[in-house]
Amino acid sequence: GLTPVGRRGTHRICGWFWRACSPTARLHASCDDARVSTTPSGLPVEFVVVGVPASAQTKNRARKMSWMASVRSAARTAWPGSPLRTKVEVTLTYYARGGRLPDVDNMAKPILDAITGTIWDDDVQVQGCDSRRADLDGLYRVAGISVVLAEGFSSDQPFVHVKIREFTHQEHLK
């Protein structure tokens, strides 16, 4: 996770302070924690979608369809292959600055629906979804950060970070 550490708008990445709104911010190749190992399925995969997510309950259908098209496009870019047939878990984090924010549960449905058919075949494959909000101007201390997430921060715009992993465990109820 990301942890606030200092001045507003500044993030610490791999031992360096980085201002989130700086479009020139880049990761250093020596940041081993930023490397992601993949499973045979090719997961995890991640991408960002710049903009304010549409709520599942919005009455503005055109806005919702436009948002879903943006999500679908980003998903296709991140996953150009055929949709997976394996079970997955999804983490959605909406980075924004104050103002009116969509409920995290209403934010998730249009995103998951837009990804269906691109990264996975059927939404029944999604075994879990962790959906949350975070302050775009928050101060974070990280041991490593993916290039994808760093690019989201450097946009200096609200964005959603989507990370999809292979579902690895089931809890046993007794």
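See the structure above.
This one's a predicted model, so the numbers in the text were calculated from it and none came from an experiment.

(A) Expanded view of the overall build of the protein chain. Along the backbone of the protein chain there are three helices and seven strands. N-terminal to C-terminal, the α/β element order of the protein chain is β-β-β-α-β-α-β-β-α-β. Considering the protein chain as a whole, with its 174 residues, one finds that 40% of them fall into the buried category. The contacts in the protein chain between residues at least 6 apart in sequence include a share of 78% that link residues at least 24 apart.

(B) Quick peek at the packing of aromatic side chains. Inspection of the entire model under this criterion finds four aromatic pairs. Ring centres of Y140 and F153 lie 5.9 Å apart, and the angle between their planes is 45°; this geometry places the pair in the tilted category. With a gap of 13 residues between them, Y140 in strand 6 (residues 140-142) and F153 in helix 3 (residues 147-154) connect regions that are remote in the sequence. Across the pair, exposure class does not vary: Y140 and F153 are buried alike. Grouped by ring-pair contacts, the aromatic residues Y95, Y140, F153 and F159 constitute a single cluster.

(C) Structural detail: helix 3. Buried within helix 3 are the following residues: L149, A150, G152, F153 and S154. Directly beyond the C-terminal end of helix 3, a positive phi value near 60° is found at D156.

(D) Quick look at the pattern of salt bridges. Enumeration over the complete set of coordinates arrives at five salt bridges. R97 is paired through a salt bridge with D137; the nearest N and O atoms lie 2.8 Å apart. Of this pair, R97 sits in the loop between strand 4 (88-96) and helix 2 (104-115) while D137 is found in the loop between strand 5 (126-135) and strand 6, placing the two residues 40 residues apart along the sequence. Ionic pairing is found between R132 and D130, a salt bridge with its closest N-O pair at 3.2 Å. For D130, a relative accessible area of 37% gives the class partly exposed. When salt bridges that share partners are traced, they join R97, D137 and D156 into one network.

(E) View of the sheet that holds strand 4. Pairing in this open sheet of four strands is mixed, and the strands run 3-7-4-5 from one edge to the other. Edge positions in the open sheet fall to strand 3 (45-50) and strand 5, since each of these has one partner strand only. Direction aside, the axes of adjacent strands within the sheet are offset by 15° on average. Relative to strand 7 (residues 159-166), strand 3 is paired through six bridges, and the arrangement is antiparallel.

(F) Fine view of the nonpolar core. F47, I115, I119 and I164 are the most contacted members of the largest nonpolar core, which totals 29 residues. By residue number, the principal contributor to this core is helix 2, which donates six residues. Once residues within four sequence positions are removed from consideration, I164 is found in contact with L43, P44, V45, F47, V88, E89, V90, I115, I119 and W120. Core analysis: the next-biggest nonpolar cluster, separate from the first, contains eight residues, Y140, I145, L149 and F153 among them.

(G) Fine view of the side chain of T118. You can see T118 is positioned in the loop between helix 2 and strand 5. At a separation of 2.5 Å, a polar atom in the side chain of T118 contacts the main-chain carbonyl oxygen of I115.

(H) Structural view of unusual backbone geometry. The peptide bond linking L43 to P44 adopts the cis configuration, its omega dihedral lying at 5°. Of note, P44 is situated in the loop between strand 2 (16-19) and strand 3. Even without glycine at this site, D156 takes up a positive phi of about 60°. Tracing the backbone shows D156 in the loop between helix 3 and strand 7. Residue D156 is classed as partly exposed on the basis of its relative accessible area, which comes to 26%.

The rules we used
- Residues numbered from 1 in each chain as written.
- Predicted model: local features only at pLDDT ≥ 70, side-chain atom pairs only at ≥ 80, totals over all residues.
- Heavy atoms only, no water.
- Helix = DSSP H or I, 4+ residues; strand = E, 2+ residues; numbered from the N terminus.
- Buried < 20%, exposed > 50% of the residue type's maximum accessible area, 1.4 Å probe, protein only.
- Contact = heavy atoms within 4.5 Å.
- Phe/Tyr/Trp six-rings, centres within 6.5 Å; stacked < 30°, edge-to-face > 60°.
- Salt bridge = Lys/Arg side-chain N within 4 Å of Asp/Glu carboxyl O.
- Pairing = 2+ DSSP bridges.
- Axes fitted to C-alpha atoms, helices over the stretch in contact; angles between N-to-C directions.
- Core = buried A, V, L, I, M, F, W, Y, C linked by side-chain atoms within 4.5 Å.
- Polar contact = N/O pair within 3.5 Å; in protein donor to acceptor, adjacent residues only side chain to side chain.

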